[in-house]
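Topology and contacts: notes
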Amino acid sequence: MNDLLKDEFSFIDVEIKKLNGYDNVNYTVTADSKKYIFKTYAVSKETLDLINAENEALLFLKNSETISTPHPVPFSDGSFVKTLNINNKVLVCRMLSFIEGPFLGDAKHTKELFESFGNSLAEIDLALKNFNNYTIQAIHKEWDIQHLTLSKKYINEISNASDRSLVRYFFQQYEENVIPALPLLRKQVIHNDANEWNVLTKNNRVSGIIDFGDFTYSFLINELAIAITYGCYDKTKPLDWASIIIKSYHAKLPLTENELSILYYLISARLVISVCQSAHARKTNPANTYATVSEKSAWKMLYKWLEINPIAANNSFRKAAGYPKTKEISIEKTVQRRHQHVSPILSLSYDKPIHMVRSAFQYMYDAAGNTFLDAYNNIPHVGHSHPKVVETGQKQMAKLNTNTRYLYDELSLYAEKLLLKFPNSLNKVFFVNSGSAASDLAIRMAKNHTRKEKIMVMEHGYHGHTQMAIDISDYKFNQAKGQGQKEFILKTDIPS
């Protein structure tokens, strides 16, 4: 290989070092006191087209006033791409200039550095605004956020069930919140991978960006989402650091309110792609540690992202870009609206009620941007917005939603599966729609079987809000507004 490089590039002294890579094999080449990157790829027509397109973009950026980016170095015949025999293997090859500087991943993160990060990305995107290439526009890449669904097939390769549920949840959030907004977003060619190992620094500033292999034609806001993902996924307070990048980017390339409104979900989408790709890489090529180098931080931020109220994130992003907070209706007006059509006898918790707007697993989000750990709600036993429950409900309601008086397979199949969890002596299922209805039905069955009327209950017990459930609930009948203990109720103490 040394002789080949000497012949093709007229090098005299050549030193070659193999690099870690995700898909292809790359080398650093030191020749005549200068450094280069020699990149090799498996031969295919698609690869040739993509490399030529990337080279065109890099030459375009070379002539733009942006931060440093690699530029193609011509072979002896003037071409920038060549098919060569390397170690008895025919490969597509090209040479790129080398940019010096510590990686963002190794540098000390400061406000000034992150301001430079945002500015630098804006400069590149402003330059690329006028770049067009139909090959780049045609390609669909798994690492492109707009093609998030391409990673869906890897979910089952994630080993932990809780992790899989979290990933499914954010897939659903993308479908609900991002897809409807896409027609309003700007598109252009973007770098698409401004991670901490593709961004170079010098003197507390970003000095260059490398590895344009994920170049794509996508939504402009995705560029920022990716930068925030990798810049903040190891931070205790990711919103604070994200705001620095947004503010400096926005100062050079203004962001729209529509773009900012979905940024929270775009960041989670990039994290989801990362963990799905890591799971797939572990299965297909366990020896390639490069493919999973960011996995731990990605999972950490994905769980941290779940704790953050999307409204709080959006308002943080809007503030960084100079937009006002989203309008919040006062609690008083919300209560008044409720009482216009709902009886105030249905009480509200807390002196100042909480206006809830969203929920996810163990968290509930209010309209003010606060996140609450829900240890009280008695409805979703598997957590709020559980992706399996949501998906199954959507599928069934899109096909059939009826009552038990019609004949349909799902009722019997569910009963059969449910009874497998119980002793053989319990062989019939009665479906009801609440705990109150279950209590009522159980008492009716007991009375019918025993022909007796008296019922023994525990003190402080609560069993629902039907009349029968109230009759047997000490918590209900034995309070100031209660109806009192009925004559057929026998109350006993809670065992000590």
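Coordinates for the structure precede this section.
In what follows, the accompanying structure is described. (Residues numbered from 1 in each chain as written. Predicted model: local features only at pLDDT ≥ 70, side-chain atom pairs only at ≥ 80, totals over all residues. Heavy atoms only, no water.)

**Quick notes on the overall build of the protein**
Along the backbone of the protein there are 17 helices and 15 strands. The C-alpha radius of gyration computed for the protein amounts to 30 Å, which surpasses the reference 23 Å derived for 496 residues by more than 25%, pointing to a less compact arrangement than a globule. Projected onto its principal axes, the C-alpha positions of the protein cover 105 × 55 × 45 Å. In the protein, which comprises 496 residues, the share counted as buried stands at 44%. Summarising the internal contacts of the protein: among those between residues at least 6 apart in sequence, 66% fall at separations of at least 24. Accessible area of the protein: about 28,100 Å², with a carbon and sulfur share of 52%. Across the protein, 58 positive and 52 negative side-chain charges occur, with their mean positions spaced 6 Å apart. (Helix = DSSP H or I, 4+ residues; strand = E, 2+ residues; numbered from the N terminus. Rg over C-alpha atoms; globule rule 2.2 N^0.38 Å. Buried < 20%, exposed > 50% of the residue type's maximum accessible area, 1.4 Å probe, protein only. Contact = heavy atoms within 4.5 Å. Areas by Shrake-Rupley, 256 points an atom, 1.4 Å probe, with all protein chains shown as cover. Lys, Arg positive; Asp, Glu negative; His and termini not counted. Charge placed at Lys NZ, Arg CZ, Asp CG, Glu CD.)

**Thoughts on the side chain of Asn133**
Mapped onto the elements of the fold, Asn133 is located in the loop between helix H3 (111-128) and helix H4 (134-138). Classification of Asn133 as buried rests on a relative accessible area of 8%. In this structure the side chain of Asn133 is engaged in a polar contact, spanning 3.0 Å, whose partner is the backbone nitrogen of Ile136. (Polar contact = N/O pair within 3.5 Å; in protein donor to acceptor, adjacent residues only side chain to side chain.)

**Some remarks on unusual backbone geometry**
Its identity as a non-glycine residue notwithstanding, Asn204 has a phi of 65°, on the positive side. Turning to its location among the elements, Asn204 is positioned in the loop between strand S8 (199-202) and strand S9 (205-209). Look at Phe361: it is not a glycine, yet its phi comes out positive at around 55°. Secondary-structure assignment places Phe361 in the loop between strand S11 (356-360) and strand S12 (363-366). Using a relative accessible area of 13% as the deciding quantity, one classes Phe361 as buried.

**Side note on helix H6 (residues 220-232)**
In this model, H6 (13 residues) spans 19 Å end to end at C-alpha, consistent with the 18 Å of a helix rising 1.5 Å per residue. Among the 13 residues of H6, 13 are classified as buried, and the element is accordingly described as predominantly covered. (Expected span 1.5 Å × (residues − 1).)

**A few points about the sheet that holds S11**
In spatial order, the strands read S11-S12-S13; together these three strands make up an open sheet with antiparallel pairing. Here the strands that pair on one side only, and so sit at the sheet edges, are S11 and strand S13 (371-373). Along the sheet, successive strands turn relative to each other by an average axial angle of 30°, direction set aside. Lying over the sheet, helix H5 (residues 161-177) contacts S11 and S12, oriented at roughly 140° with respect to S11. (Pairing = 2+ DSSP bridges. Axes fitted to C-alpha atoms, helices over the stretch in contact; angles between N-to-C directions.)

**With respect to the packing of H6 against helix H9 (residues 263-284)**
Across the interface, H6 lies against H9 with an axial gap of 9 Å and an inter-helix angle of 65°. In terms of crossing hand, the pair formed by H6 and H9 is right-handed. Touching Ile221, Asn222, Ala225, Ile226, Ile228, Thr229 and Tyr230 of H6 are Leu263, Leu266, Ile267, Arg270, Leu271 and Ser274, all from H9. Considered class by class, the residues forming the contact of H6 with H9 number nine nonpolar, three polar and one charged. (Left-handed = near helix turned anticlockwise from the far one by under 90°. Nonpolar A, V, L, I, M, F, W, Y, C, P; charged D, E, K, R; others polar.)

**Digging into the pairing of S12**
Alternating positions in S12 separate into two faces, Tyr363 and Tyr365 on one and Met364 and Asp366 on the other, with burial throughout. As paired elements, S11 and S12 share four bridges and run antiparallel to each other. Residue pairing across strands places Arg358 opposite Tyr365, the latter belonging to S12. Here S11 folds back onto S12 in antiparallel fashion, the turn holding two residues, of which Phe361 has a positive phi close to 55°. Two strands pair when backbone bridges link them, and S12 and S13 are joined in this way by three bridges, in the antiparallel orientation. Note that in S13 the partner of Tyr365 across the bridge is Thr371. Hairpin connection from S12 to S13: four residues lie between these consecutive antiparallel strands, with Gly369 at a positive phi of about 100°.

**A look at the pairing of strand S3 (residues 34-41)**
The buried fraction of S3 amounts to six of the eight residues, a majority that puts the element mostly inside the structure. Sheet topology places strand S2 (residues 25-31) next to S3; seven bridges connect them, and they run antiparallel. Bridging across to S3, Ala31 finds its partner in Lys34. Remark: two residues form the turn of the hairpin made by S2 and S3, two consecutive strands paired antiparallel; Asp32 in that turn has positive phi of roughly 55°. Pairing of S3 with strand S6 (residues 89-97) involves six bridges; the strand directions are antiparallel. Within S6, the residue paired with Ile37 across the bridge is Leu96.

**A closer look at the packing of aromatic side chains**
On inspection of all chains with the given rule, the structure shows 16 aromatic pairs. Between Tyr230 and Tyr233, the aromatic rings sit 5.5 Å apart at their centres with planes inclined by 75°, giving edge-to-face as the arrangement. Of the residues examined, Tyr233 reaches a relative accessible area of 5% and is grouped as buried. Through a chain of ring-to-ring contacts, the aromatic side chains of Phe9, Phe11, Tyr36 and Phe75 assemble into a single cluster. Lys35 extends its terminal NZ or CZ atom over the ring of Phe98, reaching a point 4.3 Å from the ring centre. Lying over the aromatic face of Phe488, Lys447 brings its terminal NZ or CZ to 5.4 Å of the ring centre. (Phe/Tyr/Trp six-rings, centres within 6.5 Å; stacked < 30°, edge-to-face > 60°. Lys NZ or Arg CZ within 6 Å of the ring centre and 35° of its normal.)

**Looking at the pattern of salt bridges**
Scanning all chains against the criterion turns up 20 salt bridges. Between Glu157 and Lys283 there is a salt bridge; the shortest N-O distance is 3.6 Å. With Glu157 in the loop between H4 and H5 and Lys283 in helix H9, this residue pair connects regions lying 126 residues apart in the sequence. Given a relative accessible area of 23%, Glu157 falls into the partly exposed group. Between Asp234 and Lys235 there is a salt bridge, with the nearest N and O atoms lying 2.9 Å from each other. With a relative accessible area of 12%, Lys235 lands in the buried category. A single network of salt bridges, built from pairs that share partners, joins Glu8, Asp77 and Lys82. (Salt bridge = Lys/Arg side-chain N within 4 Å of Asp/Glu carboxyl O.)

**Overview of the environment of Gly461**
Relative to the helices and strands, Gly461 resides in the loop between strand S14 (455-458) and helix H16 (467-471). Overall, Gly461 belongs to the buried group, its relative accessible area being 13%. Gly461 sits 30 residues away from Lys491 along the chain, and the two C-alpha atoms are 9.9 Å apart.

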